[in-house]
Amino acid sequence: MPQLGFGVWQVSDEEATTAVGLALDAGYRSIDTAAIYGNERGTGKALAASGLAREELFVTTKLWNEEQGYDSTLRAFDASLDKLGLDYVDLYLIHWPCPSKDRYVDTWRAFEKLLADGRTRAIGVSNFTPAHLERLIGETSVIPAVNQIELHPHLQQSESRAFHGEQGIATEAWSPLGQGKGLLEVPALVAIAQKHGRTPAQVVLRWHVQLGNVVIPKSVTPSRIRENIDVFSFELDEEDMAAIRALNEEHRLGGHPDEVG
Ligand code: NAD
């Protein structure tokens, strides 16, 4: 899986075709969408128009909460694949655990079938806490390849990252830029950016890369799309990493995994 990909939350179906096209031109090969984003069709159009070979692309989509359950998962997967215009996806994720529904174990069994049938190359989860993961791992056969969680300098998720490390699960950061607002103006980040002749967004993405996180920043602005992938030719030093570590506030932008759904 490419360590840096392109996210398309809050991008309309039409806009997704343009934005994903720009991202593919800029060199991104991994695209993160979801059934609930309503832009799988627009994303698929851009993939088809790119002329890139299927095996060069890494496409992730996600099962929405209402579709959890064995049979409904299989149906929802078919619908996503049809909208994307693909024969398989590279990664299929359970979007939220929704513990109050208590259906994520059954849902995962359908994911295991999709994996065995070759319809997705890998299966994973999103927004699972270590407790949700422990139950899933205890009751099913395949360990999730990935857990996509909210993660940025204001919410550093050290407990989840350590648990994923022990289990061999890749940590993928959603809202890796903290959705842009506020975070990118934090003086410590601005200072590190000036020191390296980079932007605060590049510094934050580089911090993720050096921690080993998979990142999927979103932008519909052409210059930012290019800026966000250009983070592999500079390095943060120990002092920079420590200064960013000190920004943790346990501040969530999204819902708590025990409460959503
Ligand atoms: P993000 O942290 O990627 O921030 C995106 C925003 O930051 C943009 O809308 C823009 O306002 C700003 N921005 C982007 N690049 C910038 C730059 N170079 N300079 C200045 N500002 C910049 O936020 P996100 O979209 O919430 O998260 C990224 C992706 O993560 C989503 O598109 C989606 O694919 C995924 N996601 C998943 C979940 C989940 O529950 N699994 C939830 C939220 C997001």
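These numbers come from a predicted model, not from an experiment.

As for the overall build of the protein chain
Looking only at helices and strands, one finds 10 helices and 8 strands in the protein chain. Against the globule reference of 18 Å for 261 residues, the protein chain gives a C-alpha radius of gyration of 18 Å, in line with a compact fold. Projected onto the principal axes, the alpha-carbon positions of the protein chain cover approximately 55 × 40 × 25 Å. Within the protein chain, the proportion of its 261 residues that are buried is 44%. Sequence separation of 24 or more characterises 75% of the internal contacts of the protein chain that already satisfy a separation of 6 or more.

Focus on the packing of helix α2 (residues 40-49) against helix α3 (residues 70-84)
α3 packs onto α2 with a crossing angle of 45 degrees between their chain directions and a minimal axis gap of 7 Å. Judged by the angle between their axes, α2 and α3 are oblique. Within the contact between the two elements, α2 uses Glu40, Arg41, Thr43 and Gly44 and α3 uses Ser80, Lys83 and Leu84. Among the residues making up the contact of α2 with α3, the classes are represented as 1 nonpolar, 3 polar and 3 charged.

Here's the deal with the nonpolar core
Ranked by internal contacts, the top residues of the largest apolar core, which has 62 residues, are Phe6, Val8, Val20, Ala23, Val89, Tyr92 and Val204. The contacts of Val8, once residues within four sequence positions are left out, are Ala16, Ala19, Val20, Ile31, Asp32, Thr33, Tyr37, Asn39, Thr43 and Lys218.

Digging into the site of the ligand
In the vicinity of the ligand there are 26 residues, among which Gly7, Leu177, Gly180, Ala201 and Lys218 approach most closely. Its residues placed into classes, the shell around the ligand shows 9 nonpolar, 13 polar and 4 charged.

Concerning unusual backbone geometry
In terms of backbone geometry, most residues other than glycine have negative phi values and most peptide bonds are trans. Positive phi, close to 55 degrees, is recorded for Asp102, a residue that is not glycine. Relative to the assigned elements, Asp102 resides in the loop between β4 (91-94) and α4 (104-116). For Asp102, a count of 10 C-beta atoms within 10 Å translates into the label exposed. Backbone geometry at Ser175 places phi at a positive 45 degrees, although glycine is not the residue there.

As for helix α9 (residues 222-229)
Burial in α9 covers these residues: Ile225, Asn228 and Ile229. Taken down its axis, α9 places every buried residue within 95 degrees of arc, on the same side. In this structure, the buried side of α9 is in contact with α1 (13-26) and α8 (200-211).

Re the environment of Ile149
For Ile149, the position within the fold is in strand β6 (residues 146-150). Residue classification places Ile149 among the buried residues on the basis of 23 C-beta atoms within 10 Å. Separated by 129 residues in sequence, Ile149 and Val20 place their C-alpha atoms 22 Å apart. If we ignore the near neighbours within four places in the chain, the residues touching Ile149 are Ser126, Asn127, Gln157, Ser160, Thr171 and Trp174.

Let's talk about the UniProt feature "domain: NADP-dependent oxidoreductase" (unreviewed entry) in the protein chain
Within the UniProt annotation, "domain: NADP-dependent oxidoreductase" (unreviewed entry) is assigned to residues 4-249. Note that residues 4-249 is 45% helix and 13% strand, and that its end C-alpha atoms are spaced 24 Å apart.

Examining the pairing of β4
On any regular strand, side chains alternate: one points to one face of the sheet, the next to the other face. The alternating pattern of β4 places Leu91 and Leu93 and Tyr92 and Ile94 on opposite faces, both of which are buried. Bridging between strand β3 (residues 58-63) and β4 involves 4 bridges; their strand directions are parallel. Considered in β4, the bridge of Thr61 is made with Tyr92. In this region the chain leaves β3, passes through α3 and returns to the parallel neighbour β4; the handedness of that crossover is right-handed. By the bridge criterion, 3 bridges tie β4 to strand β5 (residues 123-126) in an arrangement that is parallel. Directly across from Leu93, in β5, lies its bridge partner Gly124. Read from β4 through α4 to β5, the crossover connection turns out right-handed.

Observations concerning the packing of helix α7 (residues 187-196) against α8
In the contact formed by α7 and α8, the axes pass within 8 Å of each other and the chain directions differ by 95 degrees. As far as their axial angle goes, α8 and α7 are roughly perpendicular. Facing α7, whose interface residues are Leu189, Val190, Ile192, Ala193 and His196, α8 presents Pro200, Val203 and Val204. Residue classes in the contact of α7 with α8 are distributed as 7 nonpolar, 1 polar and no charged.

Thresholds applied
- Residues numbered from 1 in each chain as written.
- Predicted model: local features only at pLDDT ≥ 70, side-chain atom pairs only at ≥ 80, totals over all residues.
- Helix = DSSP H or I, 4+ residues; strand = E, 2+ residues; numbered from the N terminus.
- Rg over C-alpha atoms; globule rule 2.2 N^0.38 Å.
- Buried ≥ 20, exposed ≤ 12 C-beta atoms within 10 Å, placed from the backbone.
- Contact = placed C-beta atoms within 7 Å.
- Axes fitted to C-alpha atoms, helices over the stretch in contact; angles between N-to-C directions.
- Parallel < 35°, antiparallel > 145°, perpendicular 65-115°, else oblique.
- Nonpolar A, V, L, I, M, F, W, Y, C, P; charged D, E, K, R; others polar.
- Core = buried A, V, L, I, M, F, W, Y, C linked by C-beta atoms within 7 Å.
- Near = placed C-beta within 6 Å.
- Arc of directions from axis to C-beta.
- UniProt positions renumbered as here; feature names shortened; annotations may be inferred.
- Pairing = 2+ DSSP bridges.
- Right-handed = clockwise from strand over helix to strand, strands pointing away.

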